[in-house]
Amino acid sequence: MATGRRCADALNQSLIIHPSNEAYNNLAIAKYHLGQIQEASDFFLQCSRNSDYAIYSHVKCLIELGRKIEAKKKLDVFSEDDDDFVGDVEVAELYLELGCFNESIYWFDKGWGQYWKTPDWVSRFVYALCKTQNENRARDILNEVIQQKIEEIKEAHEDDCDEDWTEREKEEHIKQLLDEKKEYEHMFEKISLGFIPSMEFNTSMSSGCYLFGCKRHNHPEYQEFVESSPSGIGAIRLCQLV
């Protein structure tokens, strides 16, 4: 928690020096992990573009704040034609958080042939299908991923080991595949008995060039100025882009 506060303080100073989308995004992340969801939501919105990860994060914050009508209005205008579109499965996840199961299934379907299948989001797709009485489709997609795991396990056993792929690494990889296969095999029954798979929301840090006078990124030189510290004691020497 203390580290998060120090990060937020440093990013606030960065915004005083020179506002940037990277700083707003990273400050939003710090605020989110400090549990300051409203402030996180505002900062994510500040640096967002159409359908990008920042506006996706903003919508997630709105849902956590209980502002679901506002969240859905913003989610409804997401478009895969936007340059920074966050992704089909990500949009599906937010619709599922809102309880909009049909919209969620639509976007999960769009991403099914494009995304690597992992139990976290496949379980969410299965849950949405079960909530709309599409149990047969749920079983079909589970059979598909189970068959995929069987093939991956077979290929993993046939892999040759060398200095870059040790026997131990091979065994660990096969164990992971077997665990995922087992999870898929029990997924339908687990969800049918009332299990609700939770959304895995991962914040995404932004980075950029911060070098004053960088010719490649056309950054100007800096000027130093003195700003009184919040406590009024002494002064903070800062560099400001001009």
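I'd love a proper account of a negative patch on the surface, names of residues and values included.
Together, Glu-151, Glu-155, Asp-159, Asp-160, Asp-162, Glu-163, Asp-164 and Glu-169 give the surface a local cluster of negative charge. The exposure class assigned to Asp-160 is exposed, which follows from its relative accessible area of 67%.

An account of the nonpolar core is needed here, citing residue identities and associated values.
Counting residues in each nonpolar core, the largest one holds 53 residues, and the members touching the most others are Leu-75, Phe-78, Val-91, Val-122, Phe-125, Val-126 and Leu-142. When residues of this core are assigned to their parent elements, the largest contribution, 8 residues, is made by helix α8 (residues 119-131). If near-sequence neighbours (up to four positions away) are discounted, Leu-75 is found in contact with Val-59, Val-91, Leu-94, Tyr-95 and Leu-98.

Go over helix α6 (residues 88-97), please, and point to the residues and values.
Within an α-helix, residues lying three or four positions from one another point in the same direction, as the helix has 3.6 residues per turn. Where burial is concerned, most of α6 is hidden: 8 out of the 10 residues are buried. Of all the positions in α6, only Asp-88, Val-89, Val-91, Ala-92, Glu-93, Leu-94, Tyr-95 and Leu-96 are classed as buried. Positive backbone phi, approximately 80 degrees, marks Gly-99, located one or two places after α6.

Break down the pattern of salt bridges for me, citing the residues and quoting the values.
In the structure shown here, the tally under the stated rule is 15 salt bridges. One salt bridge in this structure joins Lys-175 and Asp-179, with 2.9 Å as the shortest N-O distance. Of the two residues, Lys-175 and Asp-179 are both situated in helix α10 (residues 167-192); the distance of 4 residues between them amounts to about one turn of the helix. The partly exposed category is assigned to Asp-179, whose relative accessible area is 40%. Among the salt bridges present, the one from Glu-185 reaches Lys-181, with a minimum N-O distance of 2.6 Å. One end of the pair, Glu-185, and the other, Lys-181, are both in helix α10, 4 residues apart, so they sit about a helical turn from each other.

Reading the values: the criteria
- Residues numbered from 1 in each chain as written.
- Predicted model: local features only at pLDDT ≥ 70, side-chain atom pairs only at ≥ 80, totals over all residues.
- Heavy atoms only, no water.
- Patch = residues over 30% accessible without salt bridge, like charges linked within 9 Å, V, L, I, M, F, W, Y side chains within 5 Å.
- Areas by Shrake-Rupley, 256 points an atom, 1.4 Å probe, with all protein chains shown as cover.
- Salt bridge = Lys/Arg side-chain N within 4 Å of Asp/Glu carboxyl O.
- Lys, Arg positive; Asp, Glu negative; His and termini not counted.
- Charge placed at Lys NZ, Arg CZ, Asp CG, Glu CD.
- Buried < 20%, exposed > 50% of the residue type's maximum accessible area, 1.4 Å probe, protein only.
- Core = buried A, V, L, I, M, F, W, Y, C linked by side-chain atoms within 4.5 Å.
- Helix = DSSP H or I, 4+ residues; strand = E, 2+ residues; numbered from the N terminus.
- Contact = heavy atoms within 4.5 Å.

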